[in-house]
Amino acid sequence: MILQLLTDGLLTGAVIALGAIGITLCLAILRFANFGYAELLTVGGYAALAAVLAYGGTGAPLGPFSFGGFLGVALAVGLAVTAVVALVSDIVVFRPLRRRGAGPLVLIFASFGLALVLRHIVLLMFGTQPEYYSREIQIAVLLPGDVRVMPDQILVLAVTVLALVALWWLLNRTRVGLAMRAVAENTALAQACAIDPEAAVRWTWIVSGMLGALAGTLFGLTVQLRPEMGANLLLPLFTAAVLGGVGSIPGAVIGGLLVGVAENLSVLVLPTSYKATVPFLIMLACFLLRPKGLFGK
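Residues numbered from 1 in each chain as written. Predicted model: local features only at pLDDT ≥ 70, side-chain atom pairs only at ≥ 80, totals over all residues. Heavy atoms only, no water.

1. So, the overall build of the chain
Then comes step 1: Of regular secondary structure, the chain possesses 11 helices and 2 strands.
Then comes step 2: From first element to last, N terminus to C terminus, the chain shows the α and β order α-α-α-α-β-β-α-α-α-α-α-α-α.
Then comes step 3: For 297 residues, the compact-globule estimate of 2.2 N^0.38 gives 19 Å, and the C-alpha radius of gyration of the chain, at 19 Å, lies within 12% of that figure.
Then comes step 4: Expressed along its principal axes, the backbone C-alpha trace of the chain runs to roughly 55 × 45 × 35 Å.
Then comes step 5: Evaluated residue by residue, the chain yields a buried proportion of 48% over its 297 residues.
Then comes step 6: Intrachain contacts of the chain at a sequence separation of at least 6 include 75% that bridge at least 24 residues.
Then comes step 7: For the chain, the exposed area adds up to about 14200 Å²; of that, 71% sits on carbon and sulfur atoms. (Helix = DSSP H or I, 4+ residues; strand = E, 2+ residues; numbered from the N terminus. Rg over C-alpha atoms; globule rule 2.2 N^0.38 Å. Buried < 20%, exposed > 50% of the residue type's maximum accessible area, 1.4 Å probe, protein only. Contact = heavy atoms within 4.5 Å. Areas by Shrake-Rupley, 256 points an atom, 1.4 Å probe, with all protein chains shown as cover.)

Shown next as structure tokens:
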């Protein structure tokens, strides 16, 4: 029982970790809590769904998985659409506010408004019913310890690891990544070194948007797509980012895994209906005991 809950928690935490990285990038580089970020997960998931519906499905299932090869194309569509939506959001909403010297509180309120707009656009286009990329039946894989996981869940974990490796390479081996890190550390000094802060901000929106789209698509693949899924994931995402430490990407990953495991293990001592309160309790404990997080400076 406990091993099964731990495994399920790690798989859930992998998706949370991807979104938490996007949150921590926004906090470190954009320097405000973007409460509209979770809606990018919804936008990405539904953009991939729109591609699947337009094609007529994901194609014949690949091996033990529930989906076909077209889901990869749909994922690419979701990544591109979400990156564009994130950029347009910055151009239309946040950039004018930054140029007028708006403080973090104004940007936070603006992000709330943006979240409502994006959520209701999805509702208008797709309705309120849950959606699935595929309804094919899968056979669970039996692991040691009588642990059962679906093939799709194993793939989600593998894709998450690959995404983290690609992100590490981007931030540590490319000019774009180094510019983003420099702006996160000290904007004025980065500008003095001929780094354009606005370019770093644009890339932050692109990268964080694509991470959100990937997280939303993987969540939709293993659970289901709902217009309110972004709102439901908002607290776990922020909790993971705060727990790991603002600006720490490894911290966001570990925080996401811890939040996922804690949520699943909580059913051992709490009714299932109280599961959603666990991230709030973790965040509260973090603020009281270690405000800088596990790896924050």
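After presenting the structure, the write-up continues.
2. A closer look at the packing of helix α1 (residues 2-30) against helix α10 (residues 249-265)
When two helices pack together, their arrangement is given by the angle between the helix axes and the distance between those axes.
Then comes step 1: Between α1 and α10, the least distance of the axes is 6 Å, while the angle of their chain directions is 140°. When the axis of α1 is compared with that of α10, the two are oblique. The way α1 lies across α10 gives a crossing that is right-handed.
Then comes step 2: For the contact of α1 with α10, the per-class residue count stands at 17 nonpolar, 7 polar and 2 charged. (Axes fitted to C-alpha atoms, helices over the stretch in contact; angles between N-to-C directions. Parallel < 35°, antiparallel > 145°, perpendicular 65-115°, else oblique. Left-handed = near helix turned anticlockwise from the far one by under 90°. Nonpolar A, V, L, I, M, F, W, Y, C, P; charged D, E, K, R; others polar.)

3. Structural notes on the side chain of Glu39
Then comes step 1: Positionally, Glu39 belongs in helix α2 (residues 38-55).
Then comes step 2: At 2.9 Å, the side chain of Glu39 forms a polar contact with the side chain of Arg119.
Then comes step 3: Beyond its immediate chain neighbours, meaning those up to four positions away, Glu39 contacts Ala115, Leu118, Arg119, Pro227, Gly230 and Ala231. (Polar contact = N/O pair within 3.5 Å; in protein donor to acceptor, adjacent residues only side chain to side chain.)

4. Quick word on the pattern of salt bridges
Then comes step 1: Per the stated rule, a full pass over the model turns up 6 salt bridges.
Then comes step 2: With a closest N to O distance of 4.0 Å, Arg95 and Glu198 form a salt bridge. With Arg95 in helix α3 (residues 70-99) and Glu198 in helix α8 (residues 197-222), this pair connects stretches of sequence that are 103 residues apart.
Then comes step 3: Judged by its relative accessible area of 16%, Arg95 is buried.
Then comes step 4: A salt bridge links Glu228 to Arg226; the nearest nitrogen and oxygen atoms lie 3.6 Å apart.
Then comes step 5: Given a relative accessible area of 29%, Arg226 falls into the partly exposed group. (Salt bridge = Lys/Arg side-chain N within 4 Å of Asp/Glu carboxyl O.)

5. Regarding the side chain of Gln153
Then comes step 1: Its place among the elements puts Gln153 in helix α5 (residues 151-173).
Then comes step 2: There is a polar contact of 2.9 Å between the side chain of Gln153 and the backbone nitrogen of Met150.

6. A look at the nonpolar core
Then comes step 1: Counting residues in each nonpolar core, the largest one holds 76 residues, and the members touching the most others are Ile21, Leu25, Tyr37, Tyr133, Leu167, Leu211 and Leu237.
Then comes step 2: Examining the composition of this core, we find that 13 residues originate from one element, α1, more than from any other.
Then comes step 3: Discounting chain neighbours no more than four positions away, the residues touching Tyr133 are Gly45, Ala48, Leu49, Val52, Thr58, Leu71, Thr217, Gly220, Leu221 and Leu225. (Core = buried A, V, L, I, M, F, W, Y, C linked by side-chain atoms within 4.5 Å.)

7. Regarding helix α11 (residues 278-289)
Then comes step 1: For α11, which comprises 12 residues, the first-to-last C-alpha distance of 16 Å matches the rise-based estimate of 16 Å (1.5 Å per residue) to within 8%.
Then comes step 2: Listing the buried residues of α11 in full gives Val278, Pro279, Ile282, Met283 and Cys286. Looking straight down α11, one finds that the buried residues subtend no more than 135° of arc, so they occupy a single side.
Then comes step 3: On the buried face of α11, the contacting elements are α9 (229-244) and α10. (Expected span 1.5 Å × (residues − 1). Arc of directions from axis to C-beta.)

8. Quick word on the environment of Tyr274
Then comes step 1: Within the secondary structure layout, Tyr274 lies in the loop between α10 and α11.
Then comes step 2: In this structure Tyr274 comes out as partly exposed when scored by relative accessible area, which is 45%.
Then comes step 3: Separated by 103 residues in sequence, Tyr274 and Leu171 have C-alpha atoms that sit 38 Å apart.

9. Thoughts on α2
Then comes step 1: The end-to-end C-alpha distance of α2 is 27 Å, a good match for the 26 Å that 18 residues give at a rise of 1.5 Å each.
Then comes step 2: Judged by how many residues are buried, α2 sits mostly within the fold: 14 of 18 residues are covered.

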